Structures are given as C-alpha cells and as structure tokens.
Amino acid sequence: MPDPIPNPNPALQTAPASPAPSAPPAAQRGPSINIGREFGTAQRKLPPAKTLLAAIAGLLVIASVASILQRPKPQATGSLDNVTAIEIPGQTSVLVALTLSLRNPGKKSLWVHNIEGKLVAPSGEQTADAVSAVDFGRYYQAFPGLAANTQPALSPEDKLQPGEEIKRTVIVSFPMSLESFNRRKSVSVVIQPYDQPLPVVLTK
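What counts, and at which threshold
- Residues numbered from 1 in each chain as written.
- Predicted model: local features only at pLDDT ≥ 70, side-chain atom pairs only at ≥ 80, totals over all residues.
- Heavy atoms only, no water.
- Helix = DSSP H or I, 4+ residues; strand = E, 2+ residues; numbered from the N terminus.
- Contact = heavy atoms within 4.5 Å.
- Polar contact = N/O pair within 3.5 Å; in protein donor to acceptor, adjacent residues only side chain to side chain.
- Phe/Tyr/Trp six-rings, centres within 6.5 Å; stacked < 30°, edge-to-face > 60°.
- Buried < 20%, exposed > 50% of the residue type's maximum accessible area, 1.4 Å probe, protein only.
- Lys NZ or Arg CZ within 6 Å of the ring centre and 35° of its normal.
- Salt bridge = Lys/Arg side-chain N within 4 Å of Asp/Glu carboxyl O.

## Describing the environment of Asn82
Here comes step 1: Topologically, Asn82 is positioned in strand 1 (residues 77-88).
Here comes step 2: It is 9.3 Å that separates the C-alpha atoms of Asn82 and Ala148, two residues lying 66 residues apart in sequence.
Here comes step 3: Setting aside its immediate chain neighbours within four residues, Asn82 contacts Ala97, Leu98, Thr99, Ala148 and Asn149.
Here comes step 4: A polar atom in the side chain of Asn82 sits 3.0 Å from the side chain of Thr84.

## Side note on the packing of aromatic side chains
Here comes step 1: Counted according to the given criterion, the structure contains 2 aromatic pairs.
Here comes step 2: Geometrically, the ring pair formed by Phe136 and Tyr140 is edge-to-face, given 5.8 Å between the ring centres and 70° between the ring planes. With Phe136 and Tyr140 both in helix 4 (residues 136-142) and 4 residues apart, the pair spans about one turn of that helix.
Here comes step 3: For Phe136, a relative accessible area of 7% puts it in the buried group.
Here comes step 4: The interplanar angle of 20° and the centroid separation of 6.5 Å between the aromatic rings of Phe174 and Phe181 together place this pair among those described as stacked.
Here comes step 5: Its relative accessible area of 0% is what places Phe174 among the buried residues.
Here comes step 6: The class for Phe181 is buried, based on a relative accessible area of 2%.
Here comes step 7: Seen from the ring of Tyr139, Arg138 lies directly overhead, with NZ or CZ sitting 4.9 Å from the centre.

## Brief notes about the pattern of salt bridges
Here comes step 1: One pass over the full model with this rule turns up 3 salt bridges.
Here comes step 2: We note a salt bridge from Asp81 to Lys167, for which the minimum N-O separation is 3.9 Å. Separated by 86 residues along the polypeptide, Asp81 in strand 1 and Lys167 in strand 6 (residues 165-174) bring together distant segments of the chain.
Here comes step 3: Asp81 gets classed as partly exposed once you look at its relative accessible area, which sits at 34%.

Now the structure itself:
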C-alpha cells in the first residue's frame, strides 16, 4: 500500500476552533445611590429655620452685651447740688455758680484738664468755659448773692486721689437774661480729665 502523502505546508493545517468569547457577566445589582441626597440641598443640610433664627438672635445678644461692657465709662461720678444765677446789669448775660460733688471711684488719680458749663434752653444749646478761680473773689464782691451755698473753686490741674470725694464750685457766664436762664431745660458741668476718652457730666 503506498505511503500517505505528507502535507507539504503544516501552516495550512486547520487550527482548532477557538472557543466563542463568553458573554460579559451581568452587572451586579445593589442599593441605588441618590445623587440628590449625596450632594444635599440647604433644606436637608441646615437645621430648622426657628432653631437657626434663635441661634443668630443669641449671638447678637451676646455681641451687644460684650460691646456695652467694653464701652468706655467716665472715670468719676458725682452730682450737681446747687445752681445760683445772677444777672449782670446792662449786659443781658448771667453769671451762674454751679456747686457740685465729685468722687473718684477708680484705682488711679484723676487730673482735671478742662471745665465747661453747658446749658440746654428752648432756644438751643450753649457751652461756656469756666471762669478762672482767681476771679471768684471779685465776682463774689460785686454780686454777694452769687456766693450763696458755694464751695472752693474747681480748677484745671486739680487732682483727685482714688476714692477721694470733693465739693467744689464752678462759675460760668451765658449771654442771656435771667428770665431766659430760668426757663432752661437743664444746666450741666462738663469736666474733662486728662487721659480719659469721656468727660464727667453733672446735670441738674
């Protein structure tokens, strides 16, 4: 029997068929993700409106109280005890003796820098510098009624020690008649100490 004829080109031999590609696995099912909840809205993330408003109101109250407590206050306290006014004849002006009590409750000395009188009248507000203490005697001699119930003069550069209380008088002049002065709304002594942002105002 003749020998079988060999295939001269082995590459032409039929290769075994490759297995068919398998189908991709089915997607796994799991809990769904709500993107809207993940990135949430202000309605979901913020507390209820009433709670938020109450918290804001509380913060505003705390800020207001802190501001009031840190606000500068006058270093001294006192009262305006007596007001005596005399009209200067022929000048349409009055001399006013303002007798006061002044106390320094602080822990450091109070030095008086400047002294003024302030008048609030129906026609408006006026201010006047205090007259010099060296002129008190001359005014008292010319107008004896001005000296009633007065004390020694309060002057610039006067010093109050911590805890000290004094009684002093300030004399000022306003360009008005005595009748107009008597219709005033108020009269004050304004004392500005050194190194203090606020003056001491004593009103009657």
